[in-house]
Structures are given as structure tokens and as C-alpha cells.
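Working through the structure, step by step
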Amino acid sequence: MYDVIIIGGGPAGLNAAMILGRSRRKVVVFDSGEPRNRWSRSMNGFLSSDGMSPEDFIKKGRAELAKYEVELVDVKVESATYSKGQFIISDDAGKVYHSKKLVLATGLKDKVPPIDGVEDLYGKSVHHCPYCDGWESRDKAIAVYGKGRDGIGQALAMKNWSSNVTLYTDGAGKLTSQDIALLERNEIAYVTKKIIKLEGEDGQLTHIVTLGGKKYAQEAMFFSTGTEQQSGLGTQLGCEFTNKGVIKTRRLQKSNIPGLFVAGDAARDMQMVIVAAAEGAKAGVAINMELQQEERK
Ligand SMILES: Cc1cc2nc3c(=O)[nH]c(=O)nc-3n(C[C@H](O)[C@H](O)[C@H](O)COP(=O)(O)OP(=O)(O)OC[C@H]3O[C@@H](n4cnc5c(N)ncnc54)[C@H](O)[C@@H]3O)c2cc1C
């Protein structure tokens, strides 16, 4: 029986493991090796590690855990249940594990717009988060992608990083005369035709091609087309979700299930590496305090 099982070995899960390992708890971390930012070359906005590759960041985190009683197991967890004060976890090989507490740190995945050419550019010059990649795109020709009216807010926001912003509505819906007036007042160009493909080289976007073959020179693209949970384990366990599809948490990352804590992108809050790591640390401390209370004679 483990004190704590952590599902998800991204920044949230690894930081929870570090706090719990340092609290002399018996911990296992399961990870299927698909962190959300694996498409990206650099992880930005994390003080002391700004610009580090996401892969190196995880490697460094895993190495730092070596001196604690933390097992790292590279498998996908298929099922998680809670019964009579115990969590029962099965991995994809059918092996079963038990713990007193559980941290769910399984993250989210992005609904990347299904445009021809996007896969080679995603995380390099096509992004979703201006706080992660806006600085690297500063003063560039920035395209904002959003079906119909969906990209207006992000187009306005991107003016913070460049004066050269164009909104692409991908042939969906219609901009109202008020939308157009707002865009023009803020000197944002707009293209309403359907997008056929993105062109680029070595990860660098060069052109957006619309129906009919017209090419627009662009250097970066931002989109906000939403996210979904990377795993169905929160649903299996009976977690409460917000209407945005993230798990509702209370103080110190507690969920509605006793002993189950949710940290990182899977839980409600800002979605950044440093926030995910901090939530993992909060869950770690809260779990250790609960265990201390339960063990006290
Ligand atoms: C392209 C891109 C670039 C980004 N750039 C930045 C940036 O520059 N700076 C920044 O702060 N943020 C950035 N982000 C956001 C950042 O990736 C997330 O906020 C962060 O990864 C959240 O950490 P997490 O630990 O919650 O989840 P993740 O890092 O997604 O880790 C979750 C882990 O859980 C594992 N997992 C899921 N289900 C299971 C299962 N059933 N069994 C076992 N393991 C499982 C996954 O394999 C994964 O390793 C970026 C995101 C994207 C998509």
C-alpha cells in the first residue's frame, strides 16, 4: 500500500512527488509520457528555467526525485476507483496498486484547429497562449485564428505584442458591423475566407492560404479553440467539473472526493507550468497534513 499514488508526471505531478518524498512518504508516480507542451521547443515564463526545453525540464525534475522514496513508473493508468478509504489503480498491463491518497495531475490536451499544415508548426510558430509565446512573437506579423467571431477577443489581446495583427474567421459565421468597427478602430486587419492550408519551413509559419489560393504572409499564429481532459479518470472517480471541462477544486487542491487532490491543468486555474508545479506543491503539503492527522494517536 502506497501513501500516495500520483497519476501524471508533468510539472504538477512531479512537484507533488517532491514535496511528498521530502515528507518521507511512500509515493509512486505513473506517467504515460505525453505532457501538454511536448510540441514546443521552449518552456517560457518559469523563473530560473525560462526558455528551457520542456523535455529537459521533465528530465531534470525526474532526476531530482531520485534521492527520495518516489517510484517513477512509465505506464498509462486505465482505471481509478475509490472504495472504503482506499484508492485502487490499474495500469494498462492490468497491474493493480493501492494507496491512501491520490493526486490526479493528468493535464489537458488542446483542440488544435484541423488545418492542413498545422502539425509541423504547432508549438513552434503556431500557439495558443500569449503568455507562453507572445514575447517570442513580438512585432511579428501575427495571425489570430478563431471561427466566425471567436477570435475577436484574442486579436485585440495580441495588439499587446505586435501592431501587426490579422484576424482569420475561416469562412465561418459573419462579423457584425460593430465587430468590424471595433477591429478597424484597433487597427486589426481581418480575412473572412476559409483557410485551405498553412505553409512554413522548419516549424516557421510563412503563409496562410485561403480558398481560391490567395496567400497571406504571416510569421506567427495564435488560436483559442479550447481544451479537453487528457484522461477520463476524473469522470471515473466521480469528480465535479466546471462548465469549462476542468475539475472543480477547493482549498489546497482538494476535490469533492475525500483523499483525492487534483493539480495542474486538469484542475481549475491558470494553465502554466509554474502554476501547475505550485498546485502540485500545495496538494503535496495538504496530503501530508491529512496523513499526519490520520496517524496521530
Ligand atoms: C504548445 C504548448 C506550449 C506551451 N508553452 C508553455 C510555456 O512556454 N510556458 C508555460 O508556463 N506553459 C506552457 N504551456 C502550458 C503547459 O504545457 C501546461 O500548463 C503544463 O504542462 C501543465 O502541467 P500538468 O502537470 O498539469 O500537465 P502535463 O504537463 O500535461 O502533464 C500531464 C502528464 O500526465 C500524463 N497522463 C495523462 N493521463 C495519464 C494516465 N491515464 N496515466 C498516466 N499518465 C497520464 C501525461 O502523459 C503527461 O505526462 C504550453 C502548452 C502547449 C500546448
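Conventions used here
Residues numbered from 1 in each chain as written. Predicted model: local features only at pLDDT ≥ 70, side-chain atom pairs only at ≥ 80, totals over all residues. Helix = DSSP H or I, 4+ residues; strand = E, 2+ residues; numbered from the N terminus. Buried ≥ 20, exposed ≤ 12 C-beta atoms within 10 Å, placed from the backbone. Contact = placed C-beta atoms within 7 Å. Pairing = 2+ DSSP bridges. Domains from an automatic or database assignment. Nonpolar A, V, L, I, M, F, W, Y, C, P; charged D, E, K, R; others polar. Near = placed C-beta within 6 Å.

The subject of this paragraph is the overall build of the protein chain. Check the secondary structure of the protein chain and you find eight helices and 17 strands. For the protein chain, the spread of C-alpha atoms along the principal axes amounts to about 70 × 35 × 35 Å. Burial analysis of the protein chain (297 residues in total) assigns 40% to the buried set. The long-range fraction of contacts in the protein chain, counting pairs at least 24 apart against all pairs at least 6 apart in sequence, stands at 58%.

Here we come to the sheet that holds strand E9 (residues 142-145). Across the sheet, which stays open at both edges, the five strands sit in the order E8-E15-E9-E10-E11 with parallel pairing between neighbours. Where the open sheet ends on each side, the last strands, each with one partner, are strand E8 (126-127) and strand E11 (189-191). Judged from the two bridges that link them, E8 and strand E15 (residues 220-223) form a sheet pairing that is parallel. Pairing of His127 across the sheet is with Phe222, part of E15.

Right, let's get into helix H6 (residues 177-185). Within H6, only zero of the nine residues are buried, which leaves the element largely exposed. Positioned one or two residues after H6, Glu187 has a phi angle of 55°, which is positive.

Turning next to the domain arrangement of the protein chain. Its domain assignment divides the protein chain into domain 1 (2-110 + 227-295) and domain 2 (118-223). Counting residues at the interface gives seven residues for domain 1 and eight residues for domain 2. Split by residue class, the side of domain 1 that touches domain 2 holds two nonpolar, three polar and two charged.

Before going further, it helps to examine the site of the ligand. The immediate surroundings of the ligand are formed by 41 residues, with Gly8, Gly10, Asn37, Gly107 and Gly264 found nearest. Breaking the shell around the ligand down by element, the ones donating at least two residues are helix H1 (11-22) and helix H8 (273-295). Residues of the shell around the ligand, tallied by class, amount to 18 nonpolar, 17 polar and six charged. Of the domains in this structure, domain 1 (2-110 + 227-295) and domain 2 (118-223) are the two that each give at least three residues to the shell around the ligand.

Attention now goes to unusual backbone geometry. Phi at Asp139 takes a positive value of approximately 65°, unusual for a residue other than glycine. On the secondary structure map, Asp139 appears in the loop between helix H4 (130-133) and E9. By the C-beta count within 10 Å, which is 10 here, Asp139 ends up exposed. Phi at Asp202 is positive, roughly 50°, even though this residue is not glycine. Of note, Asp202 is situated in the loop between strand E12 (195-201) and strand E13 (204-210). Under the C-beta neighbour-count criterion, Asp202 is labelled exposed, with 8 such atoms within 10 Å.

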